[in-house]
Amino acid sequence: MTETEIALFDEDYWDQAAEVERALREQAPVHLTSPRSGTPLWVISRYADARAALNDPRLSKDSDRLNAVILSKLPEPADELSGLFSKHMLNSDPPDHTRLRKLLARDFTARRIANLRPRVESLVTDLLDGLPTGEPLDLIERFAFPLPITVICELMGVPEDDRSRFRDWTGALLEPAHDGEGLTASREMAAFFRELFAAKRATPGEDLISALTVASDDGDRLSEEELLATAFLLIVAGHETTVNLVGNGVRWLLEDPAKWAALRERPELPPRAVEEVLRFDGPLRMATHRFTTEDVTIGEVTIPAGELVMINLTSANRDSAQFEHADELDLDRAHSGHLAFGHGLHHCLGAPLARLEGEVAFAELARRFPAARLAVPDEDLHRGTSLIMNGYRALPVVLT
């Protein structure tokens, strides 16, 4: 594959991304491209470059300026959609990022996440009890989605009857099927959250949304824009990452019966399997947009000021310069810093929760269904086309 043949984000890219990304690392590790939106952006693909870029202050995430850069490059700006959910910590630089992260960090400590294990184990048991055996089912729809959406919605205080709506909303925002679908979903989700905020202010509970609607100990308070964007970030990051972690992991683990058996036979293996799946086929394809505040030289390429940049996490984690036999799923690998949840200032705050859910899911699936198998050949498995998320649209399996 020559550089002129490297076609990032075309219709054939998604199901053969590993091959395309290998060519990028070898031939064009800092690559100017344009996805379907028509917005020009630079993609960074090698591990060393990606790790440095993730923590480079010259690559800014200031939401106001970032939106201005994005809108300046769009043929038909969609002002409302680009800015509606942007005022969260993932789209902020210090000091705003420091302030916003502090307000959330107390609810995502290692101790609090560890205390969720019994609830996660109970949910996994209940979900698996309800699955049929000996016939094909979609593991994404029946298990990988219900598990994390239930956990994050319980943490946030979202009523049970409303939870299924988020699958359609976030899908439309991350991977719109037609023009206008994302904008419609964003308006509906925003209206839902505003009603929820009002209800929590009137009758607060012991949940995350209730806590975020009041001032912190030092008097800080989220604005309405920040509250809306933070709720959006929590619900999307809180379930989509685990959906893909579980789906991608089960897909590859079922390819090798020895690995599936090892998950049952070696109690120490499920947490290690989570780390290796995160490296080998992680839930996030790209880190979210950044823009250059000045000319930035990466390798032999200088990216001019005011350009959009994305960091390819799945490519970086398959870089053979960093990981020996990088294209092999090795459950006994000694890990050395994969980038599946980012690095530095914007490292994913919810990573411990995703790890916990993935560990319990892998262990219990392998224990209860030792002869589980994929229900379709590889060529019938298709990935979504989100720039950010990396996962399968469906995962047909037979549980036995």
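Coordinates for the structure precede this section.
This section reports on the structure supplied with the text. (Residues numbered from 1 in each chain as written. Predicted model: local features only at pLDDT ≥ 70, side-chain atom pairs only at ≥ 80, totals over all residues. Heavy atoms only, no water.)

## Description of the overall build of the protein chain
Here's step 1: Of the regular secondary structure elements, the protein chain holds 17 helices and ten strands.
Here's step 2: The principal-axis extent of the C-alpha atoms belonging to the protein chain is close to 60 × 55 × 40 Å.
Here's step 3: Residues counted as buried form 54% of the 400 residues belonging to the protein chain.
Here's step 4: Counted over contacts in the protein chain with a minimum sequence separation of 6, partners at least 24 positions apart contribute 72%.
Here's step 5: Approximately 17200 Å² of the protein chain is accessible, and the part contributed by carbon and sulfur atoms is 50%.
Here's step 6: Taking the average place of the 43 positive charges on the side chains of the protein chain and the average place of its 67 negative ones, the gap between the two points comes to 5 Å. (Helix = DSSP H or I, 4+ residues; strand = E, 2+ residues; numbered from the N terminus. Buried < 20%, exposed > 50% of the residue type's maximum accessible area, 1.4 Å probe, protein only. Contact = heavy atoms within 4.5 Å. Areas by Shrake-Rupley, 256 points an atom, 1.4 Å probe, with all protein chains shown as cover. Lys, Arg positive; Asp, Glu negative; His and termini not counted. Charge placed at Lys NZ, Arg CZ, Asp CG, Glu CD.)

## Here we look at the sheet that holds strand β1 (residues 30-33)
Here's step 1: Strand order in the open sheet formed by five strands is β1-β2-β8-β5-β3, and the pairing between neighbours is mixed. The sheet is open, and its two borders are formed by β1 and β3 (59-60), each paired with just one other strand.
Here's step 2: Taken together, the two bridges between strand β5 (residues 290-292) and strand β8 (residues 308-311) define a ladder with antiparallel strand orientation. Within β8, the residue paired with R290 across the bridge is V309. (Pairing = 2+ DSSP bridges.)

## Observations concerning helix α2 (residues 47-54)
Here's step 1: The set of residues buried in α2 consists of Y47, D49, A50, A53 and L54. The buried residues of α2 occupy an angular sector of 165 degrees when projected down its axis, which confines them to one face.
Here's step 2: Check the buried side of α2 and you find it contacts β2 (41-44), β3, β5, β6 (296-298), β8 and α16 (313-316). (Arc of directions from axis to C-beta.)

## Description of the sheet that holds strand β9 (residues 373-374)
The strands that make up a sheet are held in pairs by hydrogen bonds between backbone atoms, and each pair lies either parallel or antiparallel.
Here's step 1: Pairing within the open sheet is antiparallel, and its three strands lie in the order β4-β10-β9. Of all the strands in the sheet, just β4 (136-138) and β9 have a single pairing partner and so form its edges.

## Examining the environment of R318
Here's step 1: If you trace the backbone, R318 turns up in the loop between α16 and α17 (351-368).
Here's step 2: Sequence-wise, R318 and D281 are 37 residues apart; in three dimensions their C-alpha atoms are separated by 8.6 Å.
Here's step 3: In this structure, R318 is in contact with A18, R25, R279, F280, A326 and D327, ignoring residues within four places of it in sequence.
Here's step 4: Side-chain polar atoms of R318 contact the backbone oxygen of F280, separated by 2.8 Å. (Polar contact = N/O pair within 3.5 Å; in protein donor to acceptor, adjacent residues only side chain to side chain.)

## Details of the pattern of salt bridges
Side chains that differ in sign of charge can pair as their charged atoms come close.
Here's step 1: Per the counting criterion, the structure on display carries 24 salt bridges.
Here's step 2: The shortest N-O distance in the salt bridge between E255 and R251 comes to 2.8 Å.
Here's step 3: The partly exposed category is assigned to E255, whose relative accessible area is 40%.
Here's step 4: Judged by relative accessible area, R251 falls into the buried class, the value being 5%. (Salt bridge = Lys/Arg side-chain N within 4 Å of Asp/Glu carboxyl O.)

## So, unusual backbone geometry
With the exception of glycine, the majority of residues adopt a negative phi angle, and the majority of peptide bonds are in the trans configuration.
Here's step 1: Residue P95 follows P94 across a cis peptide bond; omega there is 5 degrees.
Here's step 2: Looking at the element boundaries, P95 is found in the loop between α4 (79-84) and α5 (96-105).
Here's step 3: With phi around 50 degrees, H325 is a residue other than glycine that occupies positive phi space.
Here's step 4: Of note, H325 is situated in the loop between α16 and α17.

## A closer look at the packing of aromatic side chains
Here's step 1: A full pass over the atoms with the stated rule returns eleven aromatic pairs.
Here's step 2: Their ring planes at 80 degrees and their centres at 5.5 Å tell us that F166 and F192 sit as a pair that is edge-to-face. Note that F166 is positioned in helix α10 (residues 165-174) and F192 in helix α11 (residues 181-202), a separation of 26 residues in sequence.
Here's step 3: Here F166 falls in the buried class, since its relative accessible area comes to 0%.
Here's step 4: F192 gets classed as buried once you look at its relative accessible area, which sits at 9%.
Here's step 5: Look at F166 and F193: their rings are 5.8 Å apart centre to centre, the planes differ by 35 degrees, and that puts the pair in the tilted class. With F166 in helix α10 and F193 in helix α11, the pair connects residues that are 27 residues apart, well separated along the chain. Of the two residues, F166 and F193, both sit in the buried class.
Here's step 6: Here the basic side chain of R279 rests over the ring of F323, its NZ or CZ set 5.4 Å away from the ring centre.
Here's step 7: The side chain of R318 reaches across the aromatic face of F280, ending 3.9 Å from its centre. (Phe/Tyr/Trp six-rings, centres within 6.5 Å; stacked < 30°, edge-to-face > 60°. Lys NZ or Arg CZ within 6 Å of the ring centre and 35° of its normal.)

## What to know about the side chain of N248
Here's step 1: Counting through the fold element by element, N248 comes out in helix α13 (residues 224-253).
Here's step 2: Discounting chain neighbours no more than four positions away, the residues touching N248 are V277, D281, G282, P283, R383, N390, G391 and Y392.

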